[in-house]
Every structure is written in structure tokens, then in C-alpha cells.
Amino acid sequence: GYSVNFADGWFNAPYLDPSNTFASQGILSTTEDLLLLNNFIRKNYSQEKVLQQMLTTNESGFGYGLSVKRSEEGKVKEIRSVGGYSSGFNSFSILNIDSDLTVIVLGNNRNPTSEDIADGLHSIFTNKDYTLPLPRKIVKIDSFMLQKLAGNYKMNEHVTIKVMVEGDKVFVNDSMHPKYEIFPQSENQFFLKGIDGEMIFIRNEKGMITKIGLRDD
């Protein structure tokens, strides 16, 4: 499996000692095994006491390793794995109760790519709106528009991201990473070379940039 960071790009993930793991760490599975689990949940989620405990959600909508979406009447509509992330690997599954559809994706990197792929496939198969990712191709942005991106953006009480414009280049700096360049895919979306991730500048109804969003692919 692989991991990625701002300094080194992609690299082989560190070794995970299976004798030292806990919780979900170190559990190996296949799409076939995960399909068996999802089929069992589909057939028994409303009857089995243990499954009811698994599907009992907290205020955030999460159960024991599962995220449950319900209708306004409280009927279970969709069951998702919260995500299995290990050193260099990840997985994600979506069980659609109203149809005979289960989407399972395994990935060989630490970033949550599998969740994005599963979401996209689920949207396609259920005829929901789906936006194709922008190509990772640099587009030319007017320097006046670039200057509007500069500023400090507070992500939370601990992290503030500083965006700097130097000529026709845009750089980002935060407390967790060294200064790095981001590259425009559109006026509002930028990508990082060597890393599957995008930074999206979000505008209000007046067209002013008020915050940024980060997306790991």
C-alpha cells in the first residue's frame, strides 16, 4: 500500500505489525467477503438484535462502524461503512436497501479515495446527479482574479490556512505543512501536484470568497 504527504509525494506505506493492532487495524478482507457481510446485513438488519445494536446511531448518524441514512419516517434507506483505513489501504461500502445494489471499493492508499469512487458509482447506478472530477490540467487564470484568492482562511479553532499570490502563482501555508504551490483547474478549484487532493474556494451569493474546502481523492 501507499501513503502520501506534501514533502515526499507518494511513498510505500510504513509496515504495520499485525501483532500490535487494535480495533479494525490489521483486518484483511476481500470484496467477496465484504459482499457476504453486506448481504447478511441486508437480509437481517431489521430482525437481529446484534444488528439492531450495530445500526443504532448516535447524534452524528453513525453506528458501530456503520453510517445509517433513514427516510423522514425513520425507515432505513442506506447503510454505509464508516471507512476502513489502515497503513496504506482503505475500503468503503454502500448498501442500498431499496434496490439490489451493493457498492464495495478497496484502495491501496491511505487517502479516502475508495469513498469518492463508491459515491460516484452509487450515484450513477441510482440515477442521481453526478459531477465528473475536473481534469488535473492547469488552466490560465487572470492575475486580477488570482489576487482575490489571497487571505487567511480559518478551518477550525486550531488550523488557519494562508493563501498567497506571487505573480501568476498561488501558494498555501499552514501550521501542518511547509509552503506549497497549488495549480488552477478552474477559477475556484486548485490541485496539488503529486497528491490526490483539491482546494476549492467557496463564494457567497455576492460572488465573494468566504471560505475554502479541502478534498482528498
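Above this text is the structure in question.
Everything quoted here is computed from the prediction, not taken from an experiment. (Residues numbered from 1 in each chain as written. Predicted model: local features only at pLDDT ≥ 70, side-chain atom pairs only at ≥ 80, totals over all residues. Heavy atoms only, no water.)

Participant: How would you summarise the environment of Asn-12 if you had to cite specific residues and measurements?
Facilitator: Within the fold, Asn-12 resides in strand β2 (residues 9-12). Of the residues examined, Asn-12 reaches a relative accessible area of 57% and is grouped as exposed. Spatially, the C-alpha atoms of Asn-12 and Tyr-2 are 4.6 Å apart, while their sequence positions differ by 10 residues. Setting aside residues no more than four positions away along its own chain, Asn-12 makes contact with Gly-1 and Tyr-2. (Helix = DSSP H or I, 4+ residues; strand = E, 2+ residues; numbered from the N terminus. Buried < 20%, exposed > 50% of the residue type's maximum accessible area, 1.4 Å probe, protein only. Contact = heavy atoms within 4.5 Å.)

Participant: Can you tell me about the side chain of Glu-78, naming the residues and giving the values?
Facilitator: Along the chain, the position of Glu-78 falls in strand β4 (residues 76-81). For Glu-78, a relative accessible area of 6% gives the class buried. Looking at Glu-78, its side chain comes within polar contact range of the side chain of Arg-80, at 2.5 Å. Excluding anything up to four places from it in sequence, Glu-78 contacts Ser-67, Val-68, Lys-69, Ile-94, Leu-95, Ile-97, His-122 and Lys-128. (Polar contact = N/O pair within 3.5 Å; in protein donor to acceptor, adjacent residues only side chain to side chain.)

Participant: Can you break down a nonpolar patch on the surface residue by residue, with the values?
Facilitator: Where nonpolar side chains cluster on the molecular surface, the patch consists of Ile-117, Leu-121, Ile-124, Phe-125, Tyr-130 and Leu-132 and spans about 610 Å² of accessible area. Relative to the elements of secondary structure, Leu-121 occurs in helix α3 (residues 113-125). Residue Leu-121 is classed as partly exposed on the basis of its relative accessible area, which comes to 34%. (Patch = residues over 30% accessible without salt bridge, like charges linked within 9 Å, V, L, I, M, F, W, Y side chains within 5 Å. Areas by Shrake-Rupley, 256 points an atom, 1.4 Å probe, with all protein chains shown as cover. Salt bridge = Lys/Arg side-chain N within 4 Å of Asp/Glu carboxyl O.)

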